[in-house]
Amino acid sequence: MERTLTEVRDGTRDRDAIDRFIKVDCGFTVAGLAFLFAVKVLFIESASLLIIAPFLLLLLGCLMAAGRLINSGGSILLSLVLIVLGNWSIAIAVSIIVPFLWPVMALTVMMPVVLATPFLERSQPLWIVVAAAIVAGTSSALGLLNDGYGAMSEVGSRMQIVIVIATLTVQIVPIGLIVSQNNRLQHESLVRATDLNARLLRSQEDLAASRRRVVVAGDLERQRIERNLHDGAQQRLLAIGVRLRMLEADTDHLPEVNGPIEALIGELDAAIEDVRDLAQGIYPPMLESLGLAEALSVVAQRSTIPIHSQLARIGRLDPSIETALYFTALEALTNAAKHAPSATVYLRLVDDGPTVSLSIIDDGPGFVVEEVVPKPAENFGDRMAAVGGRLSIISQLGAGTTVTAVAPKVLTQPASVSPEPQSATSTEFASAESTLTTL
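Residues numbered from 1 in each chain as written. Predicted model: local features only at pLDDT ≥ 70, side-chain atom pairs only at ≥ 80, totals over all residues. Heavy atoms only, no water.

Focus on the packing of helix 4 (residues 76-97) against helix 5 (residues 102-116)
Each pair of packed helices gets described by two things: the angle between the helix axes and the distance between those axes. Contact pair helix 4 / helix 5: the axes reach a minimum separation of 9 Å and the direction vectors enclose 175 degrees. In terms of orientation, helix 4 lies roughly antiparallel with respect to helix 5. Touching L80, I83, V84, N87, W88, I90, A91, V94 and S95 of helix 4 are W102, M105, T108, V109, P112, V113, L115 and A116, all from helix 5. By residue class, the composition of the contact of helix 4 with helix 5 is 14 nonpolar, 3 polar and no charged. (Axes fitted to C-alpha atoms, helices over the stretch in contact; angles between N-to-C directions. Helix = DSSP H or I, 4+ residues; strand = E, 2+ residues; numbered from the N terminus. Parallel < 35°, antiparallel > 145°, perpendicular 65-115°, else oblique. Contact = heavy atoms within 4.5 Å. Nonpolar A, V, L, I, M, F, W, Y, C, P; charged D, E, K, R; others polar.)

Set out below in structure tokens:
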């Protein structure tokens, strides 16, 4: 029952459903022709009844043309138009010639509409329903207004009732076919949508897991590079410094040598400090050894701009979560120092039960989020989403900026979360600032 992607694209099942109705309608049209001639011969002598025959042949021609279109891969819409026009033509003709059949003709008008509805674009069913209502109303009016004319005066009341009941009973077959087909198509669409949704969810989970693996691998690589710098390059530089100081002591009586050595020691100390800072930026050892709150405290103390921090002792978290929150804070503080150097910054780490909330708030000039955030938000959002967290950036010109990252305490299946930039009012910012100030 499940439809393949190829069947969805070329409408194979849709064409099969329409073709099945065409065959049934053709069968009933041929049977109608036979019934017409039988009634003419056995019950009604008037030749006016045979006027219906050309319209039945017209319906049969329309159905056959629609069938050829469907089977040759032609337009589904055009084939439906042919089916509709053929049925509507016979409905009008019969309502004029055999008026007492107008209730049956009202159903005949609506049948192709019900058939066509699942295969039309969203805006098309309204127009076809309106047109069907007009045609059904017209055929009913013709039947009622022609009371006493046409073939009606030549058929007894009992025979009229028998014919109407018989034809209504016969109509149950194509109506039942249409209902069955539409129900099946709806069920298949539901099954297909459920399957596609399940695949999408699996793809999202795979993507989130892959993104988490990338982030974790990046963090491990940061730690490896930091250790190599600390245990390799930095230790080598320190060893060279020791030797230079020993050489300086040995050449203390040689000013012409001692002076350059002292200068080299100064350059070496600066290089060691640069390497230490580089290693700290790649992956801070304090984050690994002491945890997030302590590492952020060191960042606040070393900052070039005033930072008012309130850091809850949240204990140790998964290294991936600690790293995501740490570098989110680091980037936000760096941006604040770069774009709002005279601002006061509030750094807050809060234990919210199952989650940890990190906020960086400044009272700087702010910015238009939609113009600035997209690129950095992708980077921040990916890192937070990889650990099942989320990120929001709120800013407004003249009202400062708030960056908030929320992450679970326990690392679970990562969710696909994208940061959604928002705008904040001055009142909202003042409220957040006031909260931090009073704590």
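Side note on the packing of aromatic side chains
One pass over the full model with this rule turns up 1 aromatic pair. Geometrically, the ring pair formed by Y326 and F327 is edge-to-face, given 5.2 Å between the ring centres and 90 degrees between the ring planes. Accessibility classification places Y326 together with F327 in one group, the buried group. (Phe/Tyr/Trp six-rings, centres within 6.5 Å; stacked < 30°, edge-to-face > 60°. Buried < 20%, exposed > 50% of the residue type's maximum accessible area, 1.4 Å probe, protein only.)

Quick notes on the nonpolar core
If you look at the biggest cluster of nonpolar residues, it comprises 45 residues, and the most contacted ones within it are I18, I22, I52, L80, I83, L101 and F119. The element best represented in this core is helix 4, accounting for 9 residues. Listed in part, the 34 residues of the second largest apolar core include I321, F327, A336 and I393. (Core = buried A, V, L, I, M, F, W, Y, C linked by side-chain atoms within 4.5 Å.)

Comments concerning the packing of helix 4 against helix 6 (residues 124-145)
Closest axis-to-axis distance for the helix 4/helix 6 pair is 8 Å, and the angle between their directions is 15 degrees. For the element pair helix 4 / helix 6, the angle class is roughly parallel. Taken as a pair, helix 4 and helix 6 cross one another with a handedness that is left-handed. Each of L77, V84, W88, A91, I92, S95 and I96 in helix 4 lies in contact with helix 6, whose residues at this interface are Q124, I128, A131, A132, V135, T138, S139, L142 and G143. When the residues that make up the contact of helix 4 with helix 6 are grouped by side-chain class, the tally is 11 nonpolar, 5 polar and no charged. (Left-handed = near helix turned anticlockwise from the far one by under 90°.)

Digging into the pairing of strand 2 (residues 345-351)
Strand residues, when the strand is regular, have side chains that alternate between the two faces of the sheet. Counting buried residues in strand 2 gives 5 out of 7 residues, a clear majority hidden from the surface. Following the backbone out of strand 1 (residues 307-311), through helix 11 (residues 319-339) and into the adjacent parallel strand 2, one traces a crossover that is left-handed. In the sheet, strand 2 pairs with strand 3 (residues 355-362) via 7 bridges, with the strands oriented antiparallel. Residue pairing across strands places Y346 opposite I361, the latter belonging to strand 3. Between strand 2 and the antiparallel strand that follows it, strand 3, lie 3 residues; G353 among them carries a positive phi value of about 85 degrees. (Right-handed = clockwise from strand over helix to strand, strands pointing away. Pairing = 2+ DSSP bridges.)

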